[in-house]
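Analysis of the macromolecular model
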Amino acid sequence: MTSVLYDAPGPRAKRRNLLLSVLFLALLLLGLWWAWSAMSDKDQLEWAKWRPWLADTESWTTYLLPGLGNTLKAAGLAMVIALPLGAIFGIARLSDHVWIRVPAAVIVEFFRAIPVLILMVFANQFYSDSTDISVDARPMYAVVTGLVLYNASVLAEIVRAGILSLPKGQTEAAKAIGLRKGQTMTSVLLPQSVTAMLPALVSQLVVIVKDTALGGALLSFTELLNARKTAASYYASVIPSFIVVAVIYIVLNLILTSLASWLERRMRRSKKSTGAVVGPGALDELETIGPKTVKAPDHGYGDNTGAGG
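Residues numbered from 1 in each chain as written. Predicted model: local features only at pLDDT ≥ 70, side-chain atom pairs only at ≥ 80, totals over all residues. Heavy atoms only, no water.

1. Focus on the nonpolar core
Generally speaking, soluble globular proteins have nonpolar side chains that are buried together. In terms of nonpolar packing, the biggest core is built from 25 residues, with Ala74, Met79, Met120, Val143, Leu147 and Ile208 touching the most fellow members. At the level of secondary structure, the elements contributing two or more residues to this core comprise α3 (58-92), α5 (116-130), α6 (138-164), α8 (181-218) and α10 (238-270). Formed by 15 residues, the second largest nonpolar core is a distinct cluster that contains Ala174, Val188, Leu189 and Leu201. (Core = buried A, V, L, I, M, F, W, Y, C linked by side-chain atoms within 4.5 Å. Buried < 20%, exposed > 50% of the residue type's maximum accessible area, 1.4 Å probe, protein only. Helix = DSSP H or I, 4+ residues; strand = E, 2+ residues; numbered from the N terminus.)

2. Here we look at the environment of Tyr63
For Tyr63, the location among the structural elements is in helix α3. For Tyr63, a relative accessible area of 16% translates into the label buried. Residues Tyr63 and Thr230, 167 residues apart in the sequence, show an inter-C-alpha distance of 7.6 Å. Ignoring any residue separated from it by four or fewer positions in sequence, one finds Tyr63 in contact with Glu58, Ala227, Thr230, Ala231, Tyr234 and Tyr235. (Contact = heavy atoms within 4.5 Å.)

3. Some thoughts on helix α4 (residues 98-113)
It helps to recall that an α-helix has 3.6 residues per turn; residues three or four apart then point in one direction. Its 16 residues give α4 an end-to-end C-alpha distance of 22 Å, which sits within 8% of 22 Å, the value for a rise of 1.5 Å per residue. Here the buried face of α4 lies against α3 and α6. (Expected span 1.5 Å × (residues − 1).)

4. Observations concerning α8
With 38 residues, α8 should reach 56 Å at 1.5 Å per residue; the first-to-last C-alpha distance of 45 Å falls well below that figure. Taken as a whole, α8 carries its principal kink of about 55° at Met197; the proline Pro199 stands between one and four residues after it. (Bend = angle between axes of the 7 residues up to and from the residue.)

5. Some points on the pattern of salt bridges
One pass over the full model with this rule turns up four salt bridges. The closest approach of N and O atoms between Glu109 and Arg112, which form a salt bridge, is 2.9 Å. Here the residue Glu109 and the residue Arg112 both occupy positions in helix α4, the gap between them amounting to three residues, near one helical turn. Overall, Glu109 belongs to the partly exposed group, its relative accessible area being 34%. Notably, a salt bridge pairs Arg160 with Glu157, separated by 3.0 Å at the nearest N-O pair. Within this pair, Arg160 and its partner Glu157 are both found in helix α6, separated by three residues, close to a single helical turn. Given the relative accessible area of 23%, Arg160 is considered partly exposed. Under the relative-accessibility criterion, Glu157 is labelled buried at 15%. Residues joined in a network through salt bridges with shared partners are Arg93, Glu109, Arg112, Glu157 and Arg160. (Salt bridge = Lys/Arg side-chain N within 4 Å of Asp/Glu carboxyl O.)

6. Points about the packing of α5 against α8
Contact pair α5 / α8: the axes reach a minimum separation of 10 Å and the direction vectors enclose 50°. By the angle between their axes, α5 is oblique relative to α8. For the pair α5 and α8, the crossing hand works out as right-handed. Of α8, the residues touching α5 (which contributes Val116, Leu117, Met120 and Val121) are Asp211, Leu214, Gly215 and Leu218. In the contact of α5 with α8, the residues fall into six nonpolar, one polar and one charged. (Axes fitted to C-alpha atoms, helices over the stretch in contact; angles between N-to-C directions. Parallel < 35°, antiparallel > 145°, perpendicular 65-115°, else oblique. Left-handed = near helix turned anticlockwise from the far one by under 90°. Nonpolar A, V, L, I, M, F, W, Y, C, P; charged D, E, K, R; others polar.)

Now the structure itself:
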């Protein structure tokens with residue numbers, strides 16, 4: 001199939017693509033064989049090292065599941081707070097008022113330029129010096145704060161770019177029918193730009209889930225990766241624990257991506273409708289009303305239904 005962005009490959013291109021595919025598959029199998037051999041030589045494939053993760057529930061109920069719960073809790077709170085904040089600041093950057101647009105741009109660029117790990121460290125120190133939050137709860141607050149500040153600024157840029165990607169005719173048409181700036185944004189621009197922004201939004205939400213591990217690495221936040229560290233030390237099983245946790249992260253991200261893909265397909269299908277569907281009852285009503293409301297033209301000759309004299 002040929003399109004503007006893609007040309008159907010010819011015979012030479014097909015042979016080249018087939019050769020590259022076979023070469024990539026061979027390299028992949030070679031890498032898997034090397035990894036398997038290296039793990040076997042280091043006794044990492046013994047059942048004793050995999051048993052705590054595949055046949056024992058204690059490692060899950062004591063370490064992994066509580067850590068996964070903290071990961072989901074921190075990521076969920078960060079998403080719920082960062083999404084509306086990002087939308088607000090993204091729209092504010094498009095404001096016609098300088099006193100709104102410039103401060104919003106400064107805030108977004110400032111927090112977008114700082115690594116999220118530094119934001120977590122500063123937040124943790126702030127909560128330690130200026131609040132009465134307990135030591136046990138402080139890492140959670142610091143991780144959520146850092147994730148919100150950084151990801152809200154990134155989401156603001158995604159929202160701004162999504163709105164600017166729409167044709168100018170959308171805004172001009174809204175102005176032509178008398179909509180104000182706020183009505184144009186909420187009723188015309190935002191609903192259409194959400195579909196275009198959705199892939200980037202999902203990618204950033206996946207980043208939020210993975211960045212919770214930074215809190216465990218530096219702030220002793222008992223998220224999934226930090227819980228794995230404790231469990232691996234207890235069971236003396238490091239490599240299998242990394243593999244199990246990696247699979248958990250992959251499953252989480254696949255679920256999030258699948259949910260977003262389903263939502264995108266649903267939104268695209270809803271936009272294919274061209275208007276309200278008129279049912280048979282409405283047609284009968286129109287037929288009943290029609291003869292009563294339509295009158296024959298009166299040319300000044302009296303009653304049009306009788307014979308003229």
